[in-house]
Amino acid sequence: MIDGPYKLPKGWRWVRLGEVASRPQYGYTKSATLHPIGPKFVRITDITSGEIDWSKVPYCECDTKKLEKYRLYPGDVLFARSGSVGATILIKETPYDAVFASYLIRVRFRESVLSEFANLLLKAPVCQRQLIPQGAAQKNINARLIESILVPLPPMSEQQRIVAKVEMLMEQVREARRLRQKAVEDADRLWQSVLADTFPHPGTDLPSNWRWVRLVEIFEFQQGVSMSSKRRQGKNPKPFLRTRNIFWGKADISSIDEMDFTDEEIEKFRLQSGDLLVCEGGDVGKTAIWEEQLPLVLYQNHIHRLRPVNALIESRFFMYWMQTAYKVFQEYQGLESRTAIPNLSSSRLKQFVAPLPPLDVQRHVVAHLKATQEKIKTLKDSQAQFETELQRLEQSILDSAFKGEL
């Protein structure tokens, strides 16, 4: 009789996973390909969402002998060895011939364990704490660890009852999560609607004190400096922004690179508060305002810096306009953004047309949109917190289920 971390109900017992499952098997070492040259090739990234989307699973070359050795069957359970350590998935169906990759470990449970019960059990705190030990220096698992996991095992009839009860409760959680996601999507649609109602559609008539202008008329343009390995080894390293630091509406400096700049380059490329930053590549047209989060920051060549030509231009007004034009009106999606590597050239950006109202109107629009954005952010933050609570509820349900308290 094995003693476990807590007392079990009558008829239950503690067992090692190796006692009730086949010997863990490491997966197949091969390169994935999108070409259908063999069986589907399940990887860690294919199991972390909780359900396998077979349409997105790649293929691999695999001879008949290897296919038989690594073929997946309904009822198989896969463990992630590294990366998303602790992630597990039950193979419910195999609509294709499929094998599993080397960074996964397969286990097959014996007849004394219901596969659906095992699937829930492995996601419960009692197992997750053993798969991911607190303070573990090396975040990976192996076959020996899997075999040693201590699990509570009730009779088959109790396993069936627990599965039914947990599934009923989890369906309620899933419905709450669907409603939460709908609220987030509604908030996004609300923001799009506010932008559409705030700005005139390109080509329409403007109020008498507004006019259509090209961006080159109201901004000075300057692209940044090309990155290179030589610059990264220089003696005068300075922080600089990359396109990955630019998001719609904000510049994120939580992870920022450094490279070497000369004094002349620092003077030419340093950012000032109110500079409008537009991405040339990546998420083309992504636009943010530099808010002087750091005293000195420069930027790479895949970012356009737009600096107002005079004090009558409010950069934030045009930041919101760019987002509206791209995301709502889809006005700026030209041929250049449809190439194999999407990009937004300086010459094309300069010719973008935008509405120019008086400065007081620009500021009024900015204040209105900023206030609206804050309200929407509060709503989305509350939904994110709700998701955290749902995750805690899921763990609480599973914890109770495998203590015999449901």
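Residues numbered from 1 in each chain as written. Predicted model: local features only at pLDDT ≥ 70, side-chain atom pairs only at ≥ 80, totals over all residues. Heavy atoms only, no water.

Caption draft 1: Structural detail: the side chain of Asp257. Mapped onto the secondary structure, Asp257 falls in strand E14 (residues 257–260). Here Arg242 takes part through its side chain, which lies 2.7 Å from a polar atom of the side chain of Asp257. Every residue in contact with Asp257, bar those within four places of it in the chain, is listed here: Arg232, Lys238, Pro239, Phe240, Arg242 and Arg244. (Helix = DSSP H or I, 4+ residues; strand = E, 2+ residues; numbered from the N terminus. Polar contact = N/O pair within 3.5 Å; in protein donor to acceptor, adjacent residues only side chain to side chain. Contact = heavy atoms within 4.5 Å.)

Caption draft 2: Region of interest: the environment of Gly274. Position of Gly274 among the secondary structure elements: in the loop between helix H10 (263–269) and strand E15 (276–279). Residue classification places Gly274 among the buried positions, given a relative accessible area of 9%. Considering only alpha carbons, one finds Gly274 and Arg71, 203 residues apart in sequence, at a separation of 58 Å. Those residues within four positions of Gly274 in sequence are excluded, and the remaining contacts are Ile289, Trp290, Pro308, Ser315 and Arg316. (Buried < 20%, exposed > 50% of the residue type's maximum accessible area, 1.4 Å probe, protein only.)

Caption draft 3: Spatial organisation of the pattern of salt bridges. Within the structure shown, the criterion is met by 26 salt bridges. Where Arg174 meets Glu167, a salt bridge forms, and the shortest distance between an N and an O atom there is 3.3 Å. By relative accessible area, which is 32% here, Arg174 ends up partly exposed. The class of Glu167 is partly exposed, set by a relative accessible area of 34%. Among the ionic pairs, Asp381 bridges to Lys377, the shortest N-O distance being 2.9 Å. (Salt bridge = Lys/Arg side-chain N within 4 Å of Asp/Glu carboxyl O.)

Caption draft 4: Spatial organisation of the packing of helix H4 (residues 115–123) against helix H7 (residues 156–198). Relative orientation of the contacting elements H4 and H7 amounts to 60°, with a least axis distance of 9 Å. In terms of orientation, H4 and H7 fall into the oblique class. Crossing of H4 over H7 shows left-handed handedness. Side by side, H4 and H7 meet where Glu116, Phe117 and Leu120 of the first sit next to Gln159, Ile162, Val163, Val166 and Glu167 of the second. Taken together, the residues of the contact of H4 with H7 break down into five nonpolar, one polar and two charged. (Axes fitted to C-alpha atoms, helices over the stretch in contact; angles between N-to-C directions. Parallel < 35°, antiparallel > 145°, perpendicular 65-115°, else oblique. Left-handed = near helix turned anticlockwise from the far one by under 90°. Nonpolar A, V, L, I, M, F, W, Y, C, P; charged D, E, K, R; others polar.)

Caption draft 5: Focus on the packing of H7 against helix H11 (residues 315–328). Two numbers describe how H7 lies on H11: the axes approach to 10 Å, and their chain directions differ by 110°. Between H7 and H11, the interaxial angle falls into the category roughly perpendicular. When the axes of H7 and H11 are compared, the crossing they make is left-handed. Counted together, Trp191, Gln192, Leu195 and Ala196 of H7 and Tyr320, Gln323, Thr324, Lys327 and Val328 of H11 form the full contact between these two elements.

Caption draft 6: Region of the structure containing the sheet that holds strand E2 (residues 25–26). Strand order in the open sheet formed by four strands is E2-E7-E4-E5, with antiparallel pairing between adjacent strands. Both edges of this open sheet fall to E2 and strand E5 (88–90), since each of them pairs with a single strand only. Inspection of the sheet shows E2 paired to strand E7 (residues 104–107) by two bridges, in the antiparallel sense. Pairing of Gln25 across the sheet is with Arg106, part of E7. Sitting on the sheet, H4 is in contact with strand E4 (77–80) and E5, with an inclination near 165° to E5. (Pairing = 2+ DSSP bridges.)

Caption draft 7: Quick peek at the packing of aromatic side chains. All chains considered together, the criterion is met by 18 aromatic pairs. Consider the rings of Phe269 and Tyr299, whose centres lie 6.1 Å apart with planes at 75°: the pair is edge-to-face. Highlighted residues: Phe269 in helix H10 and Tyr299 in strand E17 (residues 298–299), separated in sequence by 30 residues. What makes Tyr299 buried here is its relative accessible area of 0%. Aromatic side chains Tyr326 and Phe352 sit 6.3 Å apart centroid to centroid with 65° between the ring planes, which places their arrangement in the edge-to-face category. Remark: Phe352 occurs in the loop between helix H12 (346–350) and strand E19 (353–356) and Tyr326 occurs in helix H11; sequence separation between them is 26 residues. Taken individually, Tyr326 and Phe352 each receive the classification buried, so the pair is uniform in this respect. These aromatic residues form a ring-pair network of at least three members: Phe199, Trp210, Trp212, Phe219, Phe317, Phe318, Trp321 and Phe329. The ring of Phe247 carries Lys250 above its face, with NZ or CZ at 6.0 Å from the centroid. (Phe/Tyr/Trp six-rings, centres within 6.5 Å; stacked < 30°, edge-to-face > 60°. Lys NZ or Arg CZ within 6 Å of the ring centre and 35° of its normal.)

Caption draft 8: Seen up close, the environment of Thr88. Relative to the helices and strands, Thr88 resides in strand E5. Given the relative accessible area of 5%, Thr88 is considered buried. Along the chain, Thr88 and Ser208 lie 120 residues apart, while their C-alpha atoms are 63 Å from each other. Apart from the residues within four sequence positions on either side, Thr88 is in contact with Val77, Leu78, Phe79, Leu122 and Lys123.

Caption draft 9: Examining the sheet that holds E14 more closely. Strand order across the open sheet formed by three strands is E14-E11-E17, with mixed pairing between neighbours. Strands at the two margins of the open sheet, each flanked by one partner only, are E14 and E17. Alignment of strand E11 (residues 237–241) against E14, held across four bridges, turns out to be antiparallel. For Phe240, the partnering residue across the bridge sits in E14 and is Asp257.

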